[in-house]
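# Working through the structure, step by step
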Amino acid sequence: MPTRYEGRDVDPKPLGEPLPFPFSTQVAPNRFMKVAMTERLATWDADDMEASGIPTAQLCDLYGHWSDGGWGTVVTGNIIVDPSHLEACGNMIVPDGVPLSGARFEGFQRLAAAGKRGGGVFLAQLNHPGRQTEALLQPDPVSASDVQLTKGYGALYRFAKPHAASADEIAGLTSAFVHAARYLEAAGFDGVQLHAAHGYLLAQFLSRTTNRRADAYGGSVENRARLLTEIADGIRGATGPGFVLGVKINSVEFQDGGFAAAEAARLVELLEAHRFDAVELSGGTYEAPGWHHKKESTRRREAFFIEFAELVVPHVKRMRCFITGGIRTVGAMVDALKSGLDGVGLGRPSTTEPRLPREVLLHDVKGCIQPLDAWGLSASLAGAHMLQISLNQEPIDPSDQASVDGFLKGFAAWVEAFPKRSKRDVLDHVRVESATTRPYGVVEPPTA
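The shown structure was predicted, so the numbers you read here are calculated from the model rather than taken from an experiment. Counting restarts for each chain, with residues numbered from 1 along the sequence as it is written. In view of the model being predicted, local features appear only for residues whose pLDDT reaches at least 70, and side-chain atom pairs are presented and counted only at 80 or more, with totals across whole chains, interfaces and linings using the full set of residues. Side-chain descriptors were evaluated using all non-hydrogen atoms of the structure, hydrogens and water having been removed beforehand.

Before going further, it helps to spend a moment on the side chain of Gln388. The way it works is that DSSP assigns letters per residue, a run of H or I at least four long becomes a helix, a run of E at least two long becomes a strand, and they are numbered from the N terminus. Tracing the backbone shows Gln388 in helix α13 (residues 375–390). Residue exposure (1.4 Å probe, protein chains only): buried if accessible area is under 20% of the type maximum, exposed if over 50%, otherwise partly exposed. A relative accessible area of 4% means that Gln388 is categorised as buried. For this analysis, residues touch if any pair of their heavy atoms sits within 4.5 Å. The residues touching Gln388, leaving out its near neighbours within four places in the chain, are Gln393, Glu394, Pro395, Ile396, Val432 and Thr437.

Here the focus is the pattern of salt bridges. Pairing of side chains with opposite charge becomes possible as their charged atoms draw close. Here a salt bridge means any side-chain nitrogen of Lys or Arg lying within 4 Å of a carboxyl oxygen belonging to Asp or Glu. Counted under the stated rule, the structure contains 18 salt bridges. For Glu134, the salt bridge identified is with Arg421, shortest N-O distance 2.9 Å. Of the two residues, Glu134 sits in the loop between β7 (121–127) and β8 (142–143) while Arg421 sits in the segment after α14 (401–417), which places them 287 residues apart along the sequence. A salt bridge links Lys366 to Asp364; the shortest N-O distance between them is 2.9 Å. Residue class for Lys366 comes out buried when judged on its relative accessible area of 10%. A residue is classified by how much of its surface remains accessible, and Asp364, at 41% relative accessible area, is partly exposed. One network of salt bridges, in which partners are shared, links Asp9, Asp364 and Lys366.

With twelve residues, helix α1 (residues 57–68) ought to run about 16 Å at 1.5 Å a step, and its terminal C-alpha atoms sit 16 Å apart, in line with that. For α1, the set of buried residues is Leu59, Cys60, Leu62, Tyr63, Gly64, His65, Trp66 and Ser67. Once α1 ends, the next one or two residues include Gly70, with phi positive near 95°. One less than the residue count of a helix, multiplied by 1.5 Å, gives the span that helix is expected to have.

What follows covers the environment of Ser101. Tracing the backbone through its elements, the reader meets Ser101 in the loop between β6 (92–93) and α2 (102–116). Residue classification places Ser101 among the partly exposed residues on the basis of a relative accessible area of 45%. On a C-alpha basis, the gap between Ser101 and Gly120 in space is 25 Å, while along the polypeptide they are 19 residues apart.

With that out of the way, let us pick up the packing of α13 against α14. A pair of packed helices can be characterised by two numbers: the angle between their axes and the separation between those axes. Lines fitted to the C-alpha atoms define the axes, with helices restricted to the stretch that makes contact. Angles between their N-to-C directions range from 0 to 180 degrees. In the contact formed by α13 and α14, the axes pass within 11 Å of each other and the chain directions differ by 95°. Judged on the interaxial angle alone, α14 and α13 are roughly perpendicular. In contact with Leu377, Ser380, Leu381 and Ala384 of α13, α14 contributes Phe407, Leu408 and Phe411. Residue polarity follows a fixed list, in which Ala, Val, Leu, Ile, Met, Phe, Trp, Tyr, Cys and Pro are nonpolar, Asp, Glu, Lys and Arg are charged, and the others, Gly among them, are polar. Here the contact of α13 with α14 is built from residues that sort into six nonpolar, one polar and no charged. In this scheme, roughly parallel covers angles under 35 degrees and roughly antiparallel covers those over 145, while 65 to 115 is roughly perpendicular and the rest are oblique.

Here Glu353 lies in the loop between α11 (348–352) and α12 (356–363). Owing to a relative accessible area of 7%, Glu353 belongs among the buried residues under this scheme. Of note is the side chain of Glu353, whose polar atom sits 2.7 Å from the side chain of Arg4. In terms of polar contacts, Glu353 uses its side chain to reach the backbone amide nitrogen of Ile369, at 3.0 Å. Among residues more than four places away in sequence, those in contact with Glu353 are Arg4, Trp71, Cys368 and Ile369. For this analysis, a polar contact is any N or O atom pair within 3.5 Å, provided that within protein one partner can donate a hydrogen and the other can accept it, and provided that sequence-adjacent residues contribute only side-chain to side-chain pairs.

Moving on: the environment of Ile79. You can see Ile79 is positioned in strand β5 (residues 79–80). Between the C-alpha atom of Ile79 and that of Arg208, which follows or precedes it by 129 residues, the distance is 26 Å. Other than its neighbours up to four places away in sequence, Ile79 contacts Met92, Ile93, Val94, Phe108, Ala124, Gln125, Leu126, Asn127 and Leu184.

This is the structure:
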């Protein structure tokens, strides 16, 4: 049996309450959000971008299983709006101007149908990595300013020095995001989430660390948020009343001069004024990752960004607020709702337990399955789990040593392949080797 976090004996009923979105006609059936994680399972041909970034059967199976798992809201991994700036080979792509027909559109239609079949709200996360596009894919990336990424992940991957976006490029970026939203609405998606966290392009405009502009897009919070709010206004003008508009932002960057909680509080007021339905509060960047506990007080409350979120939430009147990162027991989830948040976002636990909301609401499970101890291995295991689900396999149990040994063998192969990869390779996720796997749907009884 899997080993779980020990949770208090609390009533999970608040987590099962429906959640209407304020500026859309959509209603999420519960408070659980499966947050975005990079899948890298779309088609890829380095010599033919028109054949790249199309959703595959594996992606449809992955999101179909998550949808069946009872998540109130499911958010895809980043769908890229500019093929010249990828987060990784194998990303899904909606290029600006691509027609609402053909193989790409049909692929997104199939994905939307799979992601909605369980009755939850299905959102596409739209992203542009900006300076966080690897140099092997883009030697001259665009950003808010010409600040190169060299620390943190920048010491592991190689990122070229970016150039500051011109006025024409900013107009093109707005057009690309708006077109992608209109395209995905036509394909059947319930809405989009704009990725403005973790150091990607929209976050590069928001942060003083990376935005040193002296024009209308730099300086004050209002100016640094201008690209984001112009995109939002464009999406609202191009989509229907049922379309959900969400955003993921940093509550804090964990670095000197970076985005701080006070600025995040002002930002959420702006976002609400521009009719965002939901904000997901996260934190950290490629330079200063925040995806672990920085303080003992957040460890006790099981949420990496809870203290920052509580400074932001009082500034929101209608927009729905979700928190992501570190929540692992039902007690902590219910406490988050009591603190004023509207929902909880879960990433790695959703890959280990794609049916987690059903287990909590219907089978009295009080805590998530414990991952591997080291954060890097835990994150890699989440990727391996996603790959397994996409192949219609049950995720391996992290407390089963034989299964972990099979994962570690695959992890060693992945690490060996990493420095040898080229832009022709999709280095997706670790493949579990030499371990017994079960077909999806064949599960052990959950342990409370």
